[in-house]
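Commentary on secondary and tertiary structure
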There are 2 protein chains.
Amino acid sequence: MTRVINFSAGPATLPLPVLEYAHDEFLDFEGTGMSLIEHSHRGAAYAKVHEETKVLFRELLDIPDTHEVLFMQGGASAQFALVPMNLRAPAQSADYVMTGAWSDKALSEAKITGDAREAGTGKVDGKYTRIPTQSELDLDENAAYAHYTTNNTIMGTQFHYVPQTGEVPLVADMSSDILCRPIDVSKYGLIYAGAQKNLGPAGITILILRKDLADRSPDTLPKIFRYSTILAGDSLQNTIPTFAVYMVRNVLRWVQDLGGASAMERRNREKADLIYGMIDENPDFFRCPVERESRSIMNPVFRLPTEELEKTFIAEAAHAGMVGIKGHRSVGGIRTSIYNAMEPSDVERFVDFAKAFAKGAG
Amino acid sequence: MTRVINFSAGPATLPLPVLEYAHDEFLDFEGTGMSLIEHSHRGAAYAKVHEETKVLFRELLDIPDTHEVLFMQGGASAQFALVPMNLRAPAQSADYVMTGAWSDKALSEAKITGDAREAGTGKVDGKYTRIPTQSELDLDENAAYAHYTTNNTIMGTQFHYVPQTGEVPLVADMSSDILCRPIDVSKYGLIYAGAQKNLGPAGITILILRKDLADRSPDTLPKIFRYSTILAGDSLQNTIPTFAVYMVRNVLRWVQDLGGASAMERRNREKADLIYGMIDENPDFFRCPVERESRSIMNPVFRLPTEELEKTFIAEAAHAGMVGIKGHRSVGGIRTSIYNAMEPSDVERFVDFAKAFAKGAG
């Protein structure tokens, strides 16, 4: 097998040791005589996986007792709908900091079921090329919550500070950068993240909920959509996607073995520095459309002098075993998603390729 | 590896050839140099899997052009909420035929967001031990839809006829018996089914929707929960659980290789006959609490003379490599879930064990 270097934005590359581990016991989970995916979600074998996954999250993100780890389905997109349905009272509004397509969708869904407003934007000349600073935020102190997207996969921007929202609970969509660095969970009312970028395969959403906020889930919402139900049921109120949780557990073990969230941050900065360094050192050929202070360490994006050159660049990279670098269809250009699982040595190989390409085309 | 015989109600046993196939290409999907779970849900590799899965459903269930195959997340439990939210207008009521815990939950969720009523029941002396006949149904001709559960995993009952509901669209929760036999899809407005019993692993829900019903999805519902969104987006409006769909495809290929839905019905009747035969031939030891005409060919349930004997029976079965036969905690007794994937030879082995146990204890 020749393994390619996969820069896809998500579903994304996973650590090879994690895949190999799952592969080894796929047909016979821990000697039980069946696959993990055949085990009942209420049986002892899965129960251990479930518990360990929660414990690993608590340890790796240093989650305080005030918060609980929940699992849901439907990805961040379902949360765009469920956050306001659970946390916003009928007479209340909610604040949304706008930094890209995902904030746009989150706000749009929130407006369908009640009041919601923009509380700051990273838009410059019609494009989301930066992260607004704290002083640029326009927060409503009566808002049900304030929502932001920590990292923006399409635009290649990322928050490098935590917005201060006073008494208003802070809600964060961390789908594309959860566990890329340490965070102070106590500052958040709710963190949610689809697993398929930094945590595992598609099909499971992780929530870290300040438990008192579950009291807000209204009786008018179907029970299966209430955070209070998920919290009370330990995320097992109905059948949970057992394989997805199992793979997340395996990824979390791998993160722990490598040194945890701090080690991930060092690893991710090292990779991002390689790519941004290449861009900055070749300003005549590469151009990053993102404001320097807002650059993402998860999804560096850049442009080449022409779209024609970008096409050739993508094709030659694929030929050299590096795939998934085409920018999102809405913005074009090149995007290199370098989530936790991406090896620094693979980014080095890509940077070597890109530099040689620039030299050849220059 | 010693493979056990797994009678779990779901997640449930899967065909060994399907597991082995997935195992073989887990690290390198079709020579692409990465696992299927690392592929983008918008890439060519997954697109082929997605399309083939839909085509296989169409072929195996002979789905007419009026209907479309959709994939969602959240299991049947999410559909308990979403069916009324999508299909019922504010002034309308919906009909529910009551046959067990799952109908109870479906009705309960439907009542949270509007009007819904019982339209027949299988309850006898407080227990759901039978399926009501067509003439016992009390249908509202103005209902938004009429809902029923085709097979009841906990009580071991199953519909062996399709309720006639006139102009009112028929909605069926087929989570535990989809593809166990041929069906006439044209009779249904909507069929939905969690995959984790007859179709694959947990984490994906299959919907077969009469396309015109998508027009009912209201603007007041968040877009991600509208059937109209899922239909328009070919179930790819957001990241789909690619691995779960892939496993379903593999199971459908296996069903097709074995001869399709008719072959599944023969296979399932053969297995059910073995178990019910054993019960009926040993009436002093085994007792099936279900009315004969309502017996499930998916989840035969039965009792032994005492709970003490049931405990011993379960323990000795496990010792002999047969697990997951403990009845649901709400009803007790023995339950043998014999979904499509269960091999007739394994049911024979179980029946031999059970007969020997009866003889030894008698």
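Described below are features of the structure shown in this document. (Residues numbered from 1 in each chain as written. Chains lettered and ligands numbered in written order. Predicted model: local features only at pLDDT ≥ 70, side-chain atom pairs only at ≥ 80, totals over all residues. Heavy atoms only, no water.)

Quick word on the sheet that holds strand S11 (residues 190-194) of chain A
Residues and elements named next belong to chain A. Counted only if it meets this: By definition, two strands form a pair when at least two bridges between them are found by DSSP. A run of H or I in DSSP becomes a helix once it reaches four residues, and a run of E becomes a strand once it reaches two; helices and strands are each numbered from the N terminus. To obtain an axis, a line is fitted to C-alpha atoms, over the contacting stretch when the element is a helix, and the angle between two such axes runs from 0 to 180 degrees between their N-to-C directions. Residue contacts are counted whenever heavy atoms from the two residues lie within 4.5 Å of one another.
With respect to topology, 7 strands assemble into an open sheet ordered S2-S12-S11-S10-S7-S3-S4, the strand pairing being mixed. Among the strands making up the open sheet, the edge pair consists of strand S2 (67-72) and strand S4 (115-121). When the angles between neighbouring strand axes are averaged without regard to direction, this sheet yields 20°. Sheet strands in contact with helix H2 (residues 44-60) are S2 and strand S12 (205-210), and its direction is about 130° off that of S2.

As for empty space enclosed by the protein
As a reminder of what qualifies: The rule is simple: put a 1 Å grid over the protein atoms alone, call a set of points where a 1.4 Å probe fits but cannot get out a cavity, call an open set with protein on both sides within 12 Å along at least five of seven lines a pocket, and count a residue as lining if it has an atom within 4 Å of a point. Grid points are joined across faces, edges and corners, and a volume is the space filled by probe spheres set on the points. Amino acid classes used here: Ala, Val, Leu, Ile, Met, Phe, Trp, Tyr, Cys and Pro are nonpolar; Asp, Glu, Lys and Arg are charged; the rest, including Gly, are polar.
This model, assessed by the stated rule, comprises 7 cavities of 30 Å³ or more. Looking at the largest cavity, its volume works out to about 350 Å³. Lining the largest cavity we find 32 residues, and of these Gln73, Gly74 and Ala78 of chain A together with Gln73 and Gly74 of chain B sit closest to its centre. Class assignment of the residues belonging to the lining of the largest cavity gives a composition of 20 nonpolar, 12 polar and no charged. Of the pockets and cavities examined, the second largest cavity occupies roughly 80 Å³. Pro201, Ala202, Gly203, Pro241, Phe243 and Ala244 of chain A together with Pro201, Ala202, Gly203, Pro241, Phe243 and Ala244 of chain B are the residues that line the second largest cavity. Its residues assigned to classes, the lining of the second largest cavity comprises 10 nonpolar, 2 polar and no charged.

Re the pairing of S12 of chain A
It is a general feature of regular strands that their side chains alternate between the two faces of the sheet. Residues and elements named next belong to chain A. Rules: When a residue's accessible area, from a 1.4 Å probe over protein chains only, is under 20% of the maximum for its type it is buried; when over 50% it is exposed; and in between it is partly exposed.
When you tally the buried positions in S12, you get 5 out of 6 residues, the bulk of the element. Sheet topology places S2 next to S12; 6 bridges connect them, and they run antiparallel. Following the sheet pairing, valine 69 is matched in S12 by isoleucine 208. As paired elements, S11 and S12 share 5 bridges and run antiparallel to each other. Looking across to S12, one finds that leucine 190 is bridged to leucine 209.

What to know about the side chain of threonine 129 of chain B
Mapped onto the secondary structure, threonine 129 of chain B falls in the loop between strand S6 (127-128) and strand S7 (146-149). With sequence-adjacent residues up to four places away left out, threonine 129 of chain B is seen in contact with Gly122, Val124, Met155, Thr157, Pro289, Val290 and Glu291 of chain B.

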